[in-house]
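# Tertiary structure, described
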Amino acid sequence: MTQTQYFSSGLELANSVVIPDILQQTWTAISELYKETSQKEEPSSSVKFKIYEPLNYTIIAFFTWPANSKDCVQGNEGGDFVTSSALKGYFPHFNFLCPKGNQKFSINKPALELFTSIFYVLPKSVMTNSKPLIITGNSLGGSVASLFTLSLLEKFNFLTTKRPLCITFGSPLIGDEDLQEAISKYAAWNSCFLHVVSDQDPVPRVLISQTSVYKPFGTFLLCSKLGCSCFGDPRTILELLKATYSGSPGNQDPNMVFKSYGTFMKNINRKVICKDTTHSFDWTTPPLRASIITQLAAIGLVPQQQAHNIDINAIITKTENQEKKLALFKKQVFDPSMKLNKVKVHMANLEWYKKVAKDNKIGYYDSYKNESHTSDLDVVIHMKTLTCYWEELVNEVEKRPQTVGASLRTGWLFGGTNYRRMIEPLDIADYYNKGKTDYINQGRPKHYIKLEQWLNETAKPVGVSNDSMKQNVASILTEDSCFWAHVEEALISCKMLTGTGSSEMDKQSSRDSLFKFENYAYGLIKNYVVSPEIFLQGSSFMQWWREYEKIMGTSYSSDLAKLMKDYRNYDKYASGSL
């Protein structure tokens, strides 16, 4: 068995994101806003923004006064929240972030209020620009930059458009764990955020406490005078934000802290990340642990050290464990593309079973229902395997943000539709074999409902002629995967009419149901969207027709009755010549 390989990519990521051409230009944009604003007006708690067009990028910079950020972000109660349910009514631009199974998240109220105050004057046209888009901001301006980036993600097609990059400097955390999960579940979104945090800046740490519900997302570039390192695990980031804060008296001056980022930007191109500080390792130190120790040493944390009553060795161990869990998670994560070929094999086996049942003049629904073939036991195995796969895929789509789930649904909808039309009839057979009733309302599994719903939400191809449907009718699966549930309910209605002990009200309800089913069945046949197997003599549909004909009498006339009374029509339908 191949051993799981553990490694930390923080060092490589750090060296790639601190390219001076990118970070330096973003900080220059913020610095220019700082100079322009300080010359024109007194410091305030408002947010300013400006678009810059350097040679290779489009930069949108957001600026807030450093002196106002710490008090403002805490709000009246130390970090007030606004929930997504409250936002739906007046600011629905984040609704797409709600995973289907978890329709809630919360955002820091002061940051949200700043963002909404300028949202409608922000330039949405930047998404159509051919140059890469970088969104940046400092302190609370960084929070606004993050929220603006989030609001754009719904519009970006990541298959054809370069993703935006949000780079913040000294930004506080902006949301709770539900927001973090909504973003982190889609790697393409999570990778849009890089948060630069100095060890001298208290603002990114102002909402962190032992009981804090604020959680980080994206990548954090933690920097000190020694160097910098990148981290992506949320729990590790929270630990390091607390451990790396220097807390010196100079950090009480927000303007000096602001300027420290400028100093860091000037010095960063003179340093090789994580190589200014060396550490001797015992030869038995595992590579992952050695990598983590090197990263922490680059931001001033070394083993055997205590920082703000935090044990660095404990942090190393926790970080190591988190990296291992992350590696295992990535190894075990559900990847539909990796399993699709196996799924196709199971579907092929069921297609063969369907053919054998048809040759036996019974149809695969009734063959399975009556357990009339020795291969029915094999069918159960194929069913369970396919159902586990599609249930897992539907659940995965449900957990993802709506726009991301939509792209996955579209890509896998053809396979899901074939699965539903092939397997749901067999689940219906099991359901009614147990003596149950009303499958559609009482027993239908959620993943079938979702697969059908997503198909209905997808635009239908135009120009599919009735002649085309006729030509292919012999090989189709019935479009309505609940067809056999309607047949079973019609059989129950026939028994209700012919049996004793039924009230007149129950009988009238059964008659209405039968008339409704008759029209439904005729509509399917007329449009060539039901499999010709329904006309096989051993099928439950033919059983229904024989019982229904007895009830209505041979003189009964209707569109379906005219069709069914001439058995030659059955072969004509199968050949597309009816």
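Residues numbered from 1 in each chain as written. Predicted model: local features only at pLDDT ≥ 70, side-chain atom pairs only at ≥ 80, totals over all residues. Heavy atoms only, no water.

## Topic: the overall build of the protein
Counting its secondary structure elements, the protein contains 24 helices and 11 strands. Restricting to contacts in the protein with at least 6 residues of sequence separation, those with at least 24 account for 76%. Looking at the protein as shown, the accessible area adds up to about 28200 Å², and 53% of this sits on carbon and sulfur atoms. (Helix = DSSP H or I, 4+ residues; strand = E, 2+ residues; numbered from the N terminus. Contact = heavy atoms within 4.5 Å. Areas by Shrake-Rupley, 256 points an atom, 1.4 Å probe, with all protein chains shown as cover.)

## Examining the packing of helix α20 (residues 483-498) against helix α22 (residues 540-552)
Close contact between α20 and α22 brings their axes to 10 Å; oriented N to C, the two are set at 30°. Our classification of the angle between α20 and α22 gives roughly parallel. For the element pair α20 and α22, the recorded crossing hand is left-handed. Packed against α20, whose contacting residues are Phe483, Trp484, Val487, Glu488, Ala490, Leu491, Cys494, Leu497 and Thr498, the element α22 presents Ser540, Phe541, Gln543, Trp544, Glu547, Tyr548 and Ile551 at the interface. The residue inventory of the contact of α20 with α22, partitioned by class, reads 11 nonpolar, three polar and two charged. (Axes fitted to C-alpha atoms, helices over the stretch in contact; angles between N-to-C directions. Parallel < 35°, antiparallel > 145°, perpendicular 65-115°, else oblique. Left-handed = near helix turned anticlockwise from the far one by under 90°. Nonpolar A, V, L, I, M, F, W, Y, C, P; charged D, E, K, R; others polar.)

## A short note on the pairing of strand β8 (residues 219-223)
Extensive coverage of β8 is indicated by the burial of five of its five residues. Here β8 shows no split at all, with Thr219, Leu221 and Cys223 on one side and Phe220 and Leu222 on the other all buried. Here five bridges tie strand β7 (residues 193-198) to β8, and the two strands are oriented parallel to one another. Opposite Leu194, over in β8, you have Thr219 as the bridge partner. Here four bridges tie β8 to strand β9 (residues 228-231), and the two strands are oriented antiparallel to one another. What sits directly across from Leu221, in β9, is Cys230. Between β8 and the antiparallel strand that follows it, β9, lie four residues. (Buried < 20%, exposed > 50% of the residue type's maximum accessible area, 1.4 Å probe, protein only. Pairing = 2+ DSSP bridges.)

## So, helix α11 (residues 287-298)
Over its 12 residues, α11 runs 17 Å from end to end, which matches the ideal 16 Å to within 8%, given 1.5 Å per residue. Most of α11 is tucked away, with 11 of its 12 residues classed as buried. Of the residues making up α11, those classed as buried are Leu288, Arg289, Ala290, Ser291, Ile292, Ile293, Thr294, Gln295, Leu296, Ala297 and Ala298. The positive-phi residue at the C-terminal boundary of α11 is Gly300, with phi of around 90°. (Expected span 1.5 Å × (residues − 1).)

## Quick word on the nonpolar core
Counting 66 residues, the largest nonpolar core has Phe535, Phe541, Trp544 and Met564 as its most contacted members. The element contributing the most residues to this core is helix α16 (residues 402-433), with 10 residues. When sequence neighbours within four positions are dropped, the list of residues in contact with Phe541 reads Phe483, Trp484, Val487, Phe517, Ala521, Ile534, Phe535 and Met564. Membership of the second largest hydrophobic core comes to 40 residues, among which are Ile60, Leu114, Ile118 and Val144. (Core = buried A, V, L, I, M, F, W, Y, C linked by side-chain atoms within 4.5 Å.)

## Some remarks on the packing of aromatic side chains
Per the stated rule, a full pass over the model turns up 42 aromatic pairs. Taken together, a centroid distance of 5.9 Å and an interplanar angle of 65° make the contact between Phe62 and Phe148 edge-to-face. Of the two residues, Phe62 is situated in strand β2 (residues 58-63) and Phe148 in helix α6 (residues 139-153); the sequence distance between them amounts to 86 residues. Here Phe62 and Phe148 have matching classes, each one buried. (Phe/Tyr/Trp six-rings, centres within 6.5 Å; stacked < 30°, edge-to-face > 60°.)

## Concerning the pattern of salt bridges
Scanning all chains against the criterion turns up 12 salt bridges. Two residues, Glu239 and Lys318, come together in a salt bridge whose shortest N-O distance is 2.9 Å. With Glu239 in helix α9 (residues 234-243) and Lys318 in helix α12 (residues 312-332), this pair connects stretches of sequence that are 79 residues apart. In this structure, Glu320 engages Arg289 in a salt bridge whose closest nitrogen and oxygen atoms are separated by 2.8 Å. Taken together, the residues Glu320 in helix α12 and Arg289 in helix α11 connect sequence positions 31 residues apart. (Salt bridge = Lys/Arg side-chain N within 4 Å of Asp/Glu carboxyl O.)

## Quick look at the confidence of the model for the protein
Mean pLDDT over the protein stands at 80; residues scoring 70 or higher make up 78%. Considering only residues more than four positions removed or in separate chains, one finds that residues 1-11, a stretch of pLDDT under 50, has 20 contacts. Within the model, pLDDT remains below 50 along residues 272-280, and this stretch shows 17 contacts once partners closer than five positions in the same chain are excluded. (pLDDT = per-residue confidence, 0-100.)

## Regarding unusual backbone geometry
Here Ser139, not a glycine, exhibits a phi torsion of approximately 45°, which is positive. Within the secondary structure, Ser139 is located in helix α6. What makes Ser139 buried here is its relative accessible area of 7%.

## Let's talk about the sheet that holds β7
In any sheet, the strands associate via hydrogen bonds between backbone groups, in a parallel or an antiparallel arrangement. In spatial order, the strands read β1-β2-β5-β6-β7-β8-β9; together these seven strands make up an open sheet with mixed pairing. Edge positions in the sheet fall to β1 (48-52) and β9, since each of these pairs with one other strand and no more. Pairs of neighbouring strands in the sheet enclose a mean axial angle of 15°, with direction left out of account. In the packing of α6 onto the sheet, contacts are made with β2, β5 (133-138), β6 (165-169) and β7, and the angle to β5 comes to roughly 150°. Those strands touched by α9 are β7, β8 and β9, and its axis lies near 20° from that of β8.

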